[in-house]
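One letter stands for each residue in the lines below.
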2 protein chains.
Amino acid sequence: MPQPFAGVLVPVLTPFTPAGEPDAGRFVSFCRFLLDQGAGGLAIFGTTSEANSMAGSERMALLDRLIAAGIPAAKLMPGTGACSITEATTLIRHAVGHGCGGVLMLPPFYYKGMTEQGVYDFVAAVIERVGSAALRMYLYHIPPQTMIPFGVELVGRLIKAYPDTVVGLKDSSGDWNNTKALLDAYASGGFAIFPGSETFLLDGLRNGAVGCITASGNVNVPGIREVYENWQTPQADQLQADITRARMTIQKYPMVPALKRIVAHFHHDPDWAVVRPPMERLSEAQSAALLADLEKIGFTLGECRREAAE
Amino acid sequence: MPQPFAGVLVPVLTPFTPAGEPDAGRFVSFCRFLLDQGAGGLAIFGTTSEANSMAGSERMALLDRLIAAGIPAAKLMPGTGACSITEATTLIRHAVGHGCGGVLMLPPFYYKGMTEQGVYDFVAAVIERVGSAALRMYLYHIPPQTMIPFGVELVGRLIKAYPDTVVGLKDSSGDWNNTKALLDAYASGGFAIFPGSETFLLDGLRNGAVGCITASGNVNVPGIREVYENWQTPQADQLQADITRARMTIQKYPMVPALKRIVAHFHHDPDWAVVRPPMERLSEAQSAALLADLEKIGFTLGECRREAAE
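Residues numbered from 1 in each chain as written. Chains lettered and ligands numbered in written order. Predicted model: local features only at pLDDT ≥ 70, side-chain atom pairs only at ≥ 80, totals over all residues. Heavy atoms only, no water.

(A) Representation of the packing of helix H1 (residues 24–36) of chain B against helix H2 (residues 56–68) of chain B within the structure. Residues and elements named next belong to chain B. Packing of H1 against H2 leaves a shortest axis separation of 10 Å and a crossing angle of 55°. Considering their axes alone, H1 and H2 lie oblique with respect to each other. When you trace H1 past H2, the crossing you get is right-handed. Contact with H1, carried on its side by Ala24, Gly25, Phe27, Val28 and Cys31, involves Leu62, Arg65 and Leu66 of H2 and no other residues of that element. (Axes fitted to C-alpha atoms, helices over the stretch in contact; angles between N-to-C directions. Helix = DSSP H or I, 4+ residues; strand = E, 2+ residues; numbered from the N terminus. Parallel < 35°, antiparallel > 145°, perpendicular 65-115°, else oblique. Left-handed = near helix turned anticlockwise from the far one by under 90°. Contact = heavy atoms within 4.5 Å.)

Next up, the structure:
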């Protein structure tokens, strides 16, 4: 099973202008920053990216700009989720055409109570329509948003039918028992499983995961990488406790607005706090409390930690 | 408050070819059939229409074909729901450009747990971007699919801010208490409230509703119209009991595949049974049971009832 990605992957925040338009220039710079920090890949256009608050055409235009700016396509795993077979196909063809290392695939998320067969048929139809041997698809299991699961059995059916295409999964269920069941079933066969939060990184790596794809990577690649690189050392549990503490501090607040506020603060760029409705930016009081909480735990966007490690 | 619609509105089923492509020719014919049967309007591209299983471009192409074929734009209330402000704006501008009587507006349905303010900002941003005095927007409250409600208070804020634009609501909550609360709060001000099922039609009309927008309109406009036209007569409760019985018979099965199977049967066109994944068509056994159930209650796509009334 071909495996283009491992390590700490970041679902990259999308910068908007104060008028609410995607800002390609700041997006390119931020993607470079994350790769420089050691991100193993950029899962652009994920949930944290407010991807579903952008039209498909806006997402494709941003990807065009990243490629034109020289961000390596092999490092990109764009989210190509859509409710329709036709739109998902369009987004995936565009990504594959640019040579992206892979794509992250949501289930069709409008209709609820669909059968497993219906979801299987949707994914199969998209793969058949794309019709490219170059496609590497990572399933995106995030039932808190979609209510439509990629359950353990369904994942197995898709791997069996498309072993060179369906090569991995991001598990954002927040349920370690589900991640463990997937790891037990498919990791030894070379299927790449990424927990959707670094809180499960060490447990994941000890059970066959290949890394994690995590929102807080936007503000803590170096810290999370330390766990990834040192998971077999005696320090592993302490390193994991450090990154878990940082994560828990951030996720006391609405996650995407909080991460954007942190980036705004540490990159000295207030416009980073802009979100698109239906998300709301943090209030002044929330912002102050978040930054105070982070200061209490000595959080500094990873530079100190990176310098200490050098 | 301008009110372009009343009566029995139908969220029109979308016919697909056996290969899964939208079939504009059969769509035009079916829309004509429904208007001939007395539909007060066609809420094309709703949940029942599998709208979210089509790309925006596919929906706009179908609307272009309806208009070109002479279906009156004033009778059309296309669903223009999308998760992004940008895509919703594109779909609405297209509908308004064609002179559609109104549009049906889903909330942004990907992200869960959004604040009421966030949803308000989304709708307001779309209205401002469309920027047309001709826009008549009907809010689409369907929490079983979206998990994002248009609650009573939020609806009031939107009416107050945009009294000539936000002119009505379809309530597909399936919760009469919610419909009643909306009717009590806003019907007397001229705000058009449509229960999302004919099971609430008579109760709705008695409390200020202006009709209903109902999936089973695809197969029972004449029956449902009888309640609409005779709700102040002594026969009203019996007529309501008749259409409720038909509805209950159909919704024992997955609703969209069941309605498509009924249309396939009565229009003698087996391809009408085609759905797009993630929906699944009824099995042969389910189809046989559904048709037998309908025969038991003497259901005949409304012709008999219509003839009897003439």
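(B) Molecular detail of the nonpolar core. Leu42, Ile44 and Met137 of chain A together with Leu42, Ile44 and Met137 of chain B are the most contacted members of the largest nonpolar core, which totals 199 residues. Tallying contributions element by element places helix H4 (residues 116–130) of chain A first for this core, with nine residues. Beyond its immediate chain neighbours, meaning those up to four positions away, leucine 42 of chain B contacts Val10, Val12, Cys31, Leu34, Leu35, Lys75, Leu76 and Met77 of chain B. (Core = buried A, V, L, I, M, F, W, Y, C linked by side-chain atoms within 4.5 Å. Buried < 20%, exposed > 50% of the residue type's maximum accessible area, 1.4 Å probe, protein only.)

(C) The arrangement of the relation of the copies chain A and chain B in detail. Note on the copies: chain A fits chain B at an RMSD of 0.0 Å, the axial shift is 0.0 Å, and the rotation between them is 180°. Taken together, the rotation and translation describe the operation of a two-fold axis. Rotation axis and chain A: the residue whose C-alpha lies nearest the axis is tyrosine 110 of chain A, separated from it by 3.9 Å. Same-surface contact between copies: 100% of interface residues of chain A are shared with the interface of chain B. (Least-squares fit on C-alpha atoms with pLDDT ≥ 70 in both.)

(D) Broad picture of the interface of chain A and chain B. Facing the 42 residues of chain A at the interface are 42 residues of chain B. Buried area between chain A and chain B, summed over both chains or domains, comes out near 3200 Å², and the portion from carbon and sulfur atoms is 60%. At the surface where chain A touches chain B, the tally comes to two salt bridges. For glutamate 21 of chain A, the salt bridge is made with arginine 129 of chain B, and the minimal N-O distance between the two is 3.0 Å. Inspection of the region where chain A meets chain B yields 22 residue pairs in polar contact (both at pLDDT 80 or more). If you list the elements that add at least two residues to the side of chain A that touches chain B, you get helix H3 (85–97), H4 and helix H5 (143–146) of chain A. Looking at the side of chain A that touches chain B element by element, the count peaks at six residues for H4 of chain A. (Buried area = accessible area lost by both parts, 1.4 Å probe. Salt bridge = Lys/Arg side-chain N within 4 Å of Asp/Glu carboxyl O. Polar contact = N/O pair within 3.5 Å; in protein donor to acceptor, adjacent residues only side chain to side chain.)

(E) Quick peek at the confidence of the model for chain A. All names here are of chain A. Confidence along chain A averages 95 in pLDDT terms, with 97% of residues attaining 70 or more. Across residues 304–310, where pLDDT falls below 50, the model places seven contacts with residues more than four positions away in sequence or in other chains. The ipTM for the predicted assembly is 0.95, set against a pTM of 0.96. (pLDDT = per-residue confidence, 0-100.)

(F) Highlighting the sheet that holds strand S3 (residues 103–105) of chain B. Residues and elements named next belong to chain B. One open sheet accounts for four strands, arranged S3-S4-S5-S6; its pairing is parallel. Sheet topology places S3 and strand S6 (192–195) at the edges, where each strand pairs with a single neighbour. Each strand axis lies, on average, 25° off the axis of its neighbour in the sheet, ignoring direction. (Pairing = 2+ DSSP bridges.)

(G) Representation of the packing of aromatic side chains in the model. Within the structure shown, the criterion is met by 21 aromatic pairs over all chains. Clustering of aromatic rings is evident, with ring pairs tying together Phe109, Tyr110 and Tyr111 of chain A together with Phe109, Tyr110 and Tyr111 of chain B. Residue placement shows arginine 157 of chain A over the ring face of tyrosine 120 of chain A; its charged tip is 4.1 Å from the ring centre. (Phe/Tyr/Trp six-rings, centres within 6.5 Å; stacked < 30°, edge-to-face > 60°. Lys NZ or Arg CZ within 6 Å of the ring centre and 35° of its normal.)

(H) Quick peek at the pairing of strand S5 (residues 166–171) of chain A. All names here are of chain A. With six of six residues buried, S5 lies mostly within the body of the structure. Bridging between strand S4 (residues 137–141) and S5 involves five bridges; their strand directions are parallel. Along S5, the bridge assignment pairs tyrosine 138 with glycine 168. Relative to strand S6 (residues 192–195), S5 is paired through four bridges, and the arrangement is parallel. Pairing of leucine 169 across the sheet is with isoleucine 193, part of S6. Assessed by its sense of winding, the connection that carries the chain from S5 through helix H7 (residues 176–186) to S6 is right-handed. (Right-handed = clockwise from strand over helix to strand, strands pointing away.)

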